[in-house]
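An overview of the molecular structure
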Amino acid sequence: MLQSLPPANNPGLQVHAAPTATAALPAGQGSLAVSARFGRDLPQINGGLHWRVYRTEQNGVPRLVKEEKGPAPTFTLPHGPYVISVGFGLANVTKAVQVRGETAKDVFEIPAGGLRIEGRVGDARIPQGQISFELYKGSQFEPGDKRPIATAIMTGDVVLLPEGTYHIVSNYGDANSTVRSDIRVEVGKLTDTTINHRAAIITLKLVNDRGGEARANTQWSVLTPGGDVIKESIGAFPRVILAEGEYRVVARNDNKTFEGEFRVVNGVDREVEVIAR
C-alpha cells in the first residue's frame, strides 16, 4: 500500500504528530479533528497531506484561516460554517463543515495512488538527468484536452494522483527519442512503471582521416533521410540521443560543408565520424 512507503523514500512527505487538546475550549469556539484515508475500509493516509481551512466572508469570498501539513490535525475555530480542503499530491477533496461547541471528528476519503517512473534501453536503466516525463490525464488515444498535468518528472519521483487512467510522454535526451505509454493508477497503491526506449547515444566527430583528431568549432545538423532537421549543435564532440533508425548528418567547418550517413542501433552507443573531404 502507498501509505507504507517510508518518508526517507519520498522526502516530500511530511509526517507530524496530531496536537492533543488538554484544556477546555474557549467560549464560542469548537474543535474539529480531521484525518484522511484512501477510501472506506482502506488505510489511513499518514503523510503528504496539506490541509486548508476557509471561512466565507460576508462578501462571499472564502478566506484562508488555518493551514496544516500533518496527517491528522485538530483545528480550534470559532463557531460557524467552514470549507475544509485537503490535498494529496494532485488529488484534492473539499468538504463543507459546521463547527459547534463540541469536539467533532471528520474523515476525508481521497481515492488516490502513486506513480513512479523509470526509463530503460534494453536491460540498462537510463541515468537520472538524461530522461524526463510528462503526465497527461486520460488515454493517449482519447480526444480532449492534451495539456500536461505534471511536467519535468524525474526518475524515482513519486507523483500522487487521483485514481484513473493517464498517459506518460517520456523524453530521452532532447532530440527524437520519445515514447508514449498509457498507465492506470489504483487507489492506495504505488504503481512502478518502466518505459522502454529504442535509442542510442551518438558522438559526432569531423575528422580529416579515419580515427583522426576532431575538428573544433564545427556546426552540426542531424537530419532524417527526407531532410527534416532533428538536432543542431556546435562543437568538436557533440553527443545526441537518437531513436533507432537511419540518419544524415551535415558538418560545417571553415566555410565548408561535409555530409555523411549513419544508422542508430538500439542500445549501441558509438562515435560517428564525418570525413572532411
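The shown structure was predicted, so the numbers you read here are calculated from the model rather than taken from an experiment. (Residues numbered from 1 in each chain as written. Predicted model: local features only at pLDDT ≥ 70, side-chain atom pairs only at ≥ 80, totals over all residues. Heavy atoms only, no water.)

A short note on the overall build of the protein chain
Looking only at helices and strands, the protein chain has zero helices and 22 strands in total. Its C-alpha atoms put the protein chain at 90 × 40 × 35 Å along the principal axes. Within the protein chain, residue pairs in contact and separated by at least 24 positions form 62% of the contacts whose partners lie at least 6 positions apart. Accessible area of the protein chain: about 14,800 Å², with a carbon and sulfur share of 47%. Seen as two clouds, the 31 positive and the 30 negative side-chain charges of the protein chain have centres 4 Å apart. (Helix = DSSP H or I, 4+ residues; strand = E, 2+ residues; numbered from the N terminus. Contact = heavy atoms within 4.5 Å. Areas by Shrake-Rupley, 256 points an atom, 1.4 Å probe, with all protein chains shown as cover. Lys, Arg positive; Asp, Glu negative; His and termini not counted. Charge placed at Lys NZ, Arg CZ, Asp CG, Glu CD.)

Quick notes on the nonpolar core
Counting 24 residues, the largest nonpolar core has Leu-49, Trp-51, Phe-88, Phe-108 and Ile-110 as its most contacted members. Those elements that provide at least two residues to this core are strand S1 (29-37), strand S2 (49-56), strand S4 (74-78), strand S5 (80-88), strand S6 (91-99) and strand S12 (158-162). Ignoring any residue separated from it by four or fewer positions in sequence, one finds Phe-108 in contact with Val-34, Ser-35, Ala-36, Arg-37, Trp-51, Ile-84, Val-86, Val-93 and Lys-95. With 20 residues, the next largest nonpolar core counts Val-121, Ile-126, Ile-153 and Val-185 among its residues. (Core = buried A, V, L, I, M, F, W, Y, C linked by side-chain atoms within 4.5 Å. Buried < 20%, exposed > 50% of the residue type's maximum accessible area, 1.4 Å probe, protein only.)

Thoughts on the environment of Gly-101
Structurally, Gly-101 can be placed in the loop between S6 and strand S7 (103-109). Separated by 70 residues in the primary sequence, Gly-101 and Ser-31 have C-alpha atoms spaced 7.5 Å apart. In this view, Gly-101 contacts Leu-25, Gln-29, Gly-30 and His-79; residues no more than four positions away in its chain are not counted.

Examining the sheet that holds strand S16 (residues 199-207)
Taking strand neighbours across the sheet as the criterion, the three strands line up as S19-S16-S22 in an open arrangement whose pairing is mixed. Unpaired on one side and paired on the other, strand S19 (239-243) and strand S22 (270-275) mark the two borders of the sheet. Strand after strand, the sheet turns through a mean of 40 degrees between neighbouring axes, direction not considered. By the bridge criterion, six bridges tie S16 to S22 in an arrangement that is parallel. Across the sheet, the residue bridging to Val-207 is Ile-275, located in S22. (Pairing = 2+ DSSP bridges. Axes fitted to C-alpha atoms, helices over the stretch in contact; angles between N-to-C directions.)

A word on the sheet that holds strand S18 (residues 229-234)
As a general point, the strands of a sheet are linked pairwise by backbone hydrogen bonds and lie either parallel or antiparallel. Across the sheet, four strands lie side by side as S18-S17-S20-S21; this open sheet has antiparallel pairing. Strand pairing shows two members of the sheet lacking a second neighbour, S18 and strand S21 (256-264), which therefore form its edges. Along the sheet, successive strands turn relative to each other by an average axial angle of 20 degrees, direction set aside. Sheet topology places strand S17 (residues 219-223) next to strand S20 (residues 245-253); five bridges connect them, and they run antiparallel. The residue bridging Leu-223 from the neighbouring strand is Arg-248, located in S20.

Re the environment of Ile-195
Along the chain, the position of Ile-195 falls in strand S15 (residues 190-196). A C-alpha to C-alpha distance of 9.4 Å links Ile-195 and Val-169, two positions 26 residues apart in sequence. Each residue touching Ile-195, except ones within four places of it in the same chain, is listed here: Ile-117, Glu-118, Gly-119, Arg-120, Phe-133, Ile-168, Ser-170, Val-179 and Ser-181.

Topic: unusual backbone geometry
For Ala-152, which is not glycine, the phi torsion reads 55 degrees and is therefore positive. Its place among the elements puts Ala-152 in strand S11 (residues 150-153). Unusually for a residue other than glycine, Asn-217 sits at a positive phi of about 55 degrees. Secondary-structure assignment places Asn-217 in the loop between S16 and S17.

Considerations on the pattern of salt bridges
Under the criterion given, the structure shown has 16 salt bridges. Of the charged contacts, one joins Glu-118 and Arg-125 as a salt bridge, the two residues approaching to 2.8 Å between their closest N and O atoms. For Glu-118, a relative accessible area of 17% corresponds to the buried category. Among the charged side chains, a network of salt bridges with common partners joins Lys-205, Arg-210, Glu-271 and Glu-273. (Salt bridge = Lys/Arg side-chain N within 4 Å of Asp/Glu carboxyl O.)

Regarding the side chain of Ser-181
By secondary structure assignment, the location of Ser-181 is in strand S14 (residues 177-185). With near-sequence residues (within four places) excluded, Ser-181 lies in contact with Gln-140, Tyr-166, His-167, Ile-168 and Ile-195.

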